[in-house]
Amino acid sequence: MLNYTTYKHKTSKEWVTFVHGAGGSSSIWFKQIRSFSAIYNVLILDLRGHGNSKKVLQDAFKEKYTFDAITHDIVEVIDHLNIKQSHFAGISLGTILIRNLAEKHPERVKSMIMGGAIMKLNLKSQLLIRIGVLFKSIVPYLLLYKLFAFIIMPRKNHKKSRLIFVNEAKKLYQKEFIRWFKLTSEINPLLRFFRTTAINIPTFYIMGEEDHLFLPSIKEVVETHLKSTLFVIENCGHVVNIEQAQVFNQQSIQFIENQ
């Protein structure tokens, strides 16, 4: 089972489950824990191969990674904790996992908070993936990760987010990076399905105005998906929960309270 940590509230029955992105860990939610645990029960977890889920899942590393398999890891944790339903908050690739979980188990998802959400790969991001595919077994993965981080988060005010994610990525190793990178082979059809198929679960997209790779497609999605809303944070890049934590927390909690 994945490594996880819970923060139980004395009276609340509401749960919020946080899902990090590729190369991160549950530690990226350090600016959210206090605000959310003051109101709700909180669950943070480390995806397979990340954070403290490494040693626990050594045998699983031999298997091919799929979005369904990684989504099942999350369901296994909430089943173990007997959480019947939860709000889910994700960042970057974590938002894809949350949306996939909502498709497979809609009864378990009360609402979705999608920070730095990925719903479409534009030409620049597809070029990044092709570069990664070509060099993933040759170039040290940390160099590739630093390149990706800089292209996704290029500005000075994104530096803190870049450093946090690169430092977390250092805890991975080459083979693990390659396993996760191979997920990109199934990402385009999955995202196409998500864009064209609205889901009947309240969804809050919270994006940075400087998230140049992913914001345009989210604006298009929100126009056609009736249960979706979008909040754009000024002077902010891809990793909204770190760059503008106070705004992220306030807007996300307000969204949950409105459900």
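Owing to the predicted nature of the structure, the values given are computational and were not obtained by experimental measurement.

Enquirer: Any chance you could explain the packing of aromatic side chains here in plain terms?
Expert: Ring pairs (aromatic) are described by centroid distance and by the angle formed between their planes. Counted under the stated rule, the structure contains 6 aromatic pairs. Geometrically, the ring pair formed by Phe204 and Phe255 is stacked, given 5.1 Å between the ring centres and 20° between the ring planes. With a gap of 51 residues between them, Phe204 in strand S6 (residues 203-208) and Phe255 in helix H11 (residues 245-257) connect regions that are remote in the sequence. The exposure class assigned to Phe204 is buried, which follows from its relative accessible area of 6%. Overall, the relative accessible area of 9% leaves Phe255 in the buried class. Members of the aromatic cluster, each reached through a chain of ring pairs, are Phe18, Trp29, Phe36, Tyr40 and Phe248. When the ring centre of Tyr65 is taken as reference, the NZ or CZ atom of Arg48 above it lies at 4.8 Å.

Enquirer: Explanation requested: the packing of helix H3 (residues 93-104) against helix H8 (residues 187-196) in the structure shown.
Expert: The relative placement of two packed helices comes down to the angle between their axes together with the axis-to-axis distance. Where H3 contacts H8, the two axes come as close as 11 Å, and the packing angle between them is 60°. With respect to their mutual orientation, H3 and H8 come out oblique. H3 and H8 meet at a crossing whose hand is left-handed. Taken together, the residues of H8 that come into contact with H3 (itself represented by Ile96, Arg99, Asn100 and Glu103) are Ile187, Leu190, Leu191, Phe193 and Phe194.

Enquirer: Is there a simple way to explain the packing of helix H2 (residues 67-80) against H3 in this structure?
Expert: Relative orientation of the contacting elements H2 and H3 amounts to 80°, with a least axis distance of 9 Å. Relative to H3, the element H2 is oriented roughly perpendicular. When H2 is examined against H3, the residues Phe67, Asp68, Ile70, Thr71, Ile74 and Val75 are found in contact with a partner set consisting of Leu93, Ile96, Leu97, Asn100, Leu101 and Lys104.

Enquirer: Can you walk me through the pattern of salt bridges in this structure?
Expert: Opposite charge on two side chains allows them to pair when their charged atoms are near. Under the counting rule described, the total for this entry stands at 6 salt bridges. The residue Arg155 makes a salt bridge to Glu210 at a minimum N-O spacing of 3.2 Å. You can see Arg155 sitting in the loop between helix H5 (141-152) and helix H6 (159-169) and its partner Glu210 sitting in the loop between S6 and helix H9 (215-224), a full 55 residues away along the chain. Among the residues examined, Arg155 registers a relative accessible area of 46% and is labelled partly exposed.

Enquirer: Is there a simple way to explain the sheet that holds strand S2 (residues 15-19) in this structure?
Expert: Across a sheet, strands are paired by hydrogen bonds formed along the backbone, either parallel or antiparallel in direction. Strand order across the open sheet formed by 7 strands is S1-S3-S2-S4-S5-S6-S7, with mixed pairing between neighbours. Sheet topology places strand S1 (4-7) and strand S7 (228-233) at the edges, where each strand pairs with a single neighbour. Direction aside, neighbouring strands of the sheet carry axes that sit 15° apart on average. Direction of pairing for S2 relative to strand S4 (residues 86-91): parallel, over a ladder of 4 bridges.

Enquirer: Honestly, the side chain of Arg162 in this entry has me stumped. Any pointers?
Expert: When you line up the elements, Arg162 lands in helix H6. Buried and without a salt bridge, Arg162 has Glu243 as its closest oppositely charged side chain, separated by 7.7 Å. Among the polar contacts listed, one links the side chain of Arg162 to the backbone oxygen of Arg155, at a separation of 3.1 Å. The contact partners of Arg162, leaving out residues within four places of it in the chain, are Ala149, Phe150, Met153, Pro154 and Arg155.

Enquirer: For this particular structure, what's the right way to read unusual backbone geometry?
Expert: Excluding glycine, most residues fall at negative phi; most peptide bonds, likewise, are trans. Not every positive phi belongs to a glycine, and Asn82 is a case in point at roughly 60°. In this structure, Asn82 sits in the loop between H2 and S4. The exposed category is assigned to Asn82, whose relative accessible area is 51%. Phi is positive for Ser92, which is not a glycine, with a value near 55°. You can see Ser92 is positioned in the loop between S4 and H3.

Enquirer: Please clarify how the side chain of Ser26 should be interpreted in this entry.
Expert: Counting through the fold element by element, Ser26 comes out in the loop between S2 and helix H1 (33-37). Beyond its immediate chain neighbours, meaning those up to four positions away, Ser26 contacts His20, Ile44, Leu45 and Asp46.

Conventions we followed
Position labels on residues start from 1 in each chain and follow its written sequence. Only residues with pLDDT of 70 or above have their local features reported here, since the model is predicted, and side-chain atom pairs are shown and tallied only from 80 upward, although totals for entire chains, interfaces and linings are computed over all residues. Each side-chain value is derived from all of the structure's non-hydrogen atoms; neither hydrogens nor water enter the calculation. Note on aromatic contacts: the rings of Phe and Tyr and the six-membered ring of Trp form a pair at centre separations within 6.5 Å, being stacked when their planes are under 30 degrees apart, edge-to-face when over 60 apart, and tilted otherwise. Numbering of helices and strands runs from the N terminus, with a helix taken as a DSSP run of H or I at least four residues long and a strand as a DSSP run of E at least two residues long. Accessible area is worked out with a 1.4 Å probe on protein chains only. A residue is then buried under 20% of its type maximum, exposed over 50%, and partly exposed in between. Look at NZ for Lys and CZ for Arg. If either is within 6 Å of the ring centre and within 35 degrees of the ring normal, a charge sits over the ring. Axis definition: a line fit to C-alpha positions, over the contact stretch in the case of helices; interaxial angles, taken between N-to-C directions, run 0 to 180 degrees. Roughly parallel means an angle under 35 degrees; roughly antiparallel, over 145; roughly perpendicular, 65 to 115; everything else is oblique. Left-handed describes a crossing in which the near helix is turned anticlockwise from the far one by less than a right angle; the clockwise case is right-handed. Throughout, a contact is declared for two residues whenever any of their heavy atoms are within 4.5 Å. Put simply, a salt bridge is a Lys or Arg side-chain nitrogen that is within 4 Å of an Asp or Glu carboxyl oxygen. Pairing between strands requires that DSSP locate at least two bridges from one strand to the other. Positive charges come from Lys and Arg alone, negative charges from Asp and Glu alone, with His and the N- and C-terminal ends not counted. Side-chain atoms alone can form a polar contact between residues adjacent in sequence; in general such a contact is a pair of N or O atoms within 3.5 Å, and within protein one must be able to donate a hydrogen while the other accepts it.

Any functional reading would require information beyond the geometric quantities listed.
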